[in-house]
Amino acid sequence: MSNWVEACDAGDIDEEDVMRFDHGGRTFAVYRSPDDEYFATDGLCTHEKVHLADGLVMDDIIECPKHNGRFNYKTGAARGAPVCVDLRTYPVKVDAGKVLVRIGW
Amino acid sequence: MVDIGLRTGNTSSAAASRRDYSLIGRDAKLAVESGLAAAEWYHTDVPRKQMKELMQRSDGPAIRDTIIWLGAMILSGAGAAWFWGSWWCVPFFFVYGVLYGSSTDSRWHECGHGTAFRTQWMNDVVYQVACFMIMRNPVTWRWSHTRHHTDTIIVGRDPEISVMRPPDLLRVVLNFVGILDAWYAMSDMLRNAAGIISPAEGTFIPEQERPKAIRIARIWTAIYAATVALAVYTGSFLPLMLVGLPRLYGAWHHVMVGLLQHGGLAENVTDHRLNSRTVYMNPISRFIYWNMNYHVEHHMFPMVPYHALPRLHELIKHDLPAPTASILAGYREMIPAFLRQLRNEDYFIKRELPPTARPYREDFHNDNAAAAVAAE
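A brief report on the enclosed structure follows.

What counts and what doesn't
- Residues numbered from 1 in each chain as written.
- Chains lettered and ligands numbered in written order.
- Predicted model: local features only at pLDDT ≥ 70, side-chain atom pairs only at ≥ 80, totals over all residues.
- Helix = DSSP H or I, 4+ residues; strand = E, 2+ residues; numbered from the N terminus.
- Buried ≥ 20, exposed ≤ 12 C-beta atoms within 10 Å, placed from the backbone.
- Contact = placed C-beta atoms within 7 Å.
- Core = buried A, V, L, I, M, F, W, Y, C linked by C-beta atoms within 7 Å.
- Pairing = 2+ DSSP bridges.
- Axes fitted to C-alpha atoms, helices over the stretch in contact; angles between N-to-C directions.
- Left-handed = near helix turned anticlockwise from the far one by under 90°.
- Nonpolar A, V, L, I, M, F, W, Y, C, P; charged D, E, K, R; others polar.
- Expected span 1.5 Å × (residues − 1).

### A closer look at the overall build of chain B
Inference 1: When you go through chain B residue by residue, the secondary structure sums to 21 helices and zero strands.
Inference 2: Principal-axis analysis of the C-alpha atoms places the extent of chain B at approximately 65 × 45 × 40 Å.
Inference 3: Across the 376 residues of chain B, 47% fall into the buried class.
Inference 4: Restricting the contact set of chain B to residue pairs at least 6 apart, pairs at least 24 apart contribute 68%.

Here's what the structure looks like:
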């Protein structure tokens, strides 16, 4: 069953930035790209479980604040050492000014 | 950042010391069991908006600095070669050596973090060049440095503790001319070139990365062999004075500033304010060192590029110990601490936090520190 969860208001995240979102005992990262699209991934780096929401968004890259590991937040692909394992991504939609993340189905 | 030697061998120092710095030894296991490994570290609160500004990447400063760095290397190297055979070559080699054997320490470091340039291929190119000059396998040291940031000065976990307790001062002095570092680097290079990854290296280099480390070691071995062959063919030391030996005669500056990063400070604390040192330095040393004198700031926020560290320092200094006033002041603090550690290896320099600072864990700031000082 589809499970769209409200993460935040669309305006809560600056362009080219990221925000932490916790739900059901799990943590996620919600991104707003430079071209005003929204994306979501697991919230912790696959390398050492650091919150990606403290990192830096550059174009379509999220860089982990601890060891500078990089992921493409649109696809979840790991983009170089020290990250080797991809991030899980989640569908996102904006409805009535709210950012919704589909966490389970 | 690493300064003196990487512990990639298998030997344990536990027999001679109550501490076991081996990555596969007793204290390594204890650090994992006690939660010191991969722990949560203290961070000064910085508003997200300001941190985002500080983290912003730019190609401009690093391109400028790299042009100056490589341009000065070419000019000094050409001058050294031109005057080869006369005493006039000495000042040229002095400059060339520092640019080759010391500036590369910070270039390796910053480009390894991926923060020097905004454009990633620029970081990668300078990283590879600097790694060759400083004799650090770019794969091995990328992963060792990752561990250094995860477990900074945690005994048995951090592969980059430059001065272990009790301090081996002869080793420290010899490394000002890079002798031991170069010896270990060459040994590791030949071992890796033979396809061997040591058990200690295996603790921090993922399996899929190991072939890359071996491939790089083989390329480097070929370059050094060609340099030696050229020296033999021409009957001159000049090729070796330009490739390889500058890592020895030019190492002094990176060792001088690198020792200050953590020397004499606390081990096994999860607060960079207590185990790292920020030192004010002259602008030439800061150019060579790429602002890594702001070392507490760098460890606390490794995402901040070198050119933004002075701004970060101004923003958070209220929460940090007072910076050390100069390189000389750092040595006046550090050398007596090393000498005391020869008699009592539990001794360390206790960093005083300003009254406005937020303590992370009281026991790190008071009880343990008092116990160590009292043990003296």
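### Observations concerning the nonpolar core
Inference 1: Judged by nonpolar contacts, the single largest core of 97 residues is most densely connected at Val18, Ala29, Val30, Tyr31, Ile62 and Val101 of chain A together with Ala130 of chain B.
Inference 2: Look past the residues within four positions of Val30 of chain A in its chain and what remains in contact with it is Ala7, Cys8, Ile13, Val18, Met19, Phe21, Tyr38, Ala40, Val99 and Val101 of chain A.

### A look at the sheet that holds strand S10 (residues 98–104) of chain A
Residues and elements named next belong to chain A.
Inference 1: Pairing is antiparallel in the open sheet, where three strands are placed in the order S1-S10-S9. Lying at the two open borders of the sheet, with one neighbouring strand each, are strand S1 (3–9) and strand S9 (92–95). Put simply, the sheet's adjacent strands are angled 35° from each other on average, direction ignored.
Inference 2: Taken together, the four bridges between S9 and S10 define a ladder with antiparallel strand orientation. The residue bridging Val94 from the neighbouring strand is Val99, located in S10.

### Comments concerning the packing of helix H9 (residues 179–193) of chain B against helix H11 (residues 210–234) of chain B
Residue and element names in this part refer to chain B.
Inference 1: H11 packs onto H9 with a crossing angle of 115° between their chain directions and a minimal axis gap of 8 Å. Crossing geometry of H9 relative to H11 is assigned as left-handed. Contact with H9, carried on its side by Met189, Leu190, Asn192 and Ala193, involves Ala213, Ile214, Ala217, Arg218, Trp220 and Thr221 of H11 and no other residues of that element.
Inference 2: In the contact of H9 with H11, the residues fall into seven nonpolar, two polar and one charged.

### What about helix H6 (residues 120–134) of chain B?
Residue and element names in this part refer to chain B.
Inference 1: Relative to the 21 Å expected for 15 residues at 1.5 Å per residue, H6 spans 21 Å between its end C-alpha atoms, a close match to the ideal helical length.
Inference 2: Of the residues making up H6, those classed as buried are Asn123, Val126, Tyr127, Ala130, Cys131, Phe132, Met133 and Ile134.
Inference 3: For H6, the elements touching its buried residues are helix H3 (60–82), helix H4 (89–101), helix H5 (103–113), helix H7 (138–150), H11 and helix H13 (246–249).
Inference 4: Where H6 terminates, the next one or two residues include Met135, which has phi positive at roughly 60°.

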